[in-house]
Amino acid sequence: MTDYNQAVDGTPSTGECADSPAAAAGDRPGRIQPYRTLAVVAVGVWLAAVPVLSLLGHRRVAIIWLGVEVLALALIRLQRPNGTWIAARGRLFDVIFGVALAVGLFALSYYANLPRAQ
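Let us look at the structure shown here. Keep in mind that this is a model prediction, so the values were computed, not measured.

### Considering the pattern of salt bridges
A pair can form between side chains of opposite charge whenever their charged atoms are brought close. Inspection of the entire model under this criterion finds one salt bridge. Arg-77 is paired through a salt bridge with Asp-94; the nearest N and O atoms lie 2.8 Å apart. Of this pair, Arg-77 sits in helix H3 (residues 59-79) while Asp-94 is found in helix H4 (residues 91-108), placing the two residues 17 residues apart along the sequence. This pair shows no difference in class: Arg-77 is buried, exactly as Asp-94 is.

Pasting the structure below:
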């Protein structure tokens, strides 16, 4: 029998309308979006590198690494549609805030290697 809703993985469709909230959110059991999982894991590993670099004595590199990550996520947010896991507010606000935060981190990274005040 032909599935007119064009199920991707060969499983019969549930008969939901494509515009329903469950379909839009990707909550159908047959549809897994691996890019979400991979992106979250990649961001987690990238974030974990920041304290590791700092504990190894590379504090300025750790802050620059964090700034690069924030800038990359802001640029990804510019490309991705609304409603992705990276969205916080509106797209324009997210991008402007991310770029401003990255610039602030780059500007303050100079002070990371200063000696402690006694």
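### Comments concerning the environment of Ser-54
Considering the arrangement of structural elements, one finds Ser-54 in helix H2 (residues 34-55). Through-space distance from the C-alpha of Ser-54 to that of Ala-112 is 9.8 Å; in sequence the pair is 58 residues apart. Sequence-distant contacts of Ser-54, that is, excluding residues within four places in its chain, are made with Arg-59 and Ala-62.

### Some details on the side chain of Glu-69
Looking at the element boundaries, Glu-69 is found in helix H3. Of the side chains with opposite charge, Arg-77 lies nearest to the buried Glu-69, which makes no salt bridge, at 15 Å. In contact with Glu-69, not counting residues within four places along its chain, are Val-43, Trp-46 and Leu-47.

Reading guide: rules and limits
- Residues numbered from 1 in each chain as written.
- Predicted model: local features only at pLDDT ≥ 70, side-chain atom pairs only at ≥ 80, totals over all residues.
- Heavy atoms only, no water.
- Salt bridge = Lys/Arg side-chain N within 4 Å of Asp/Glu carboxyl O.
- Helix = DSSP H or I, 4+ residues; strand = E, 2+ residues; numbered from the N terminus.
- Buried < 20%, exposed > 50% of the residue type's maximum accessible area, 1.4 Å probe, protein only.
- Contact = heavy atoms within 4.5 Å.
- Lys, Arg positive; Asp, Glu negative; His and termini not counted.

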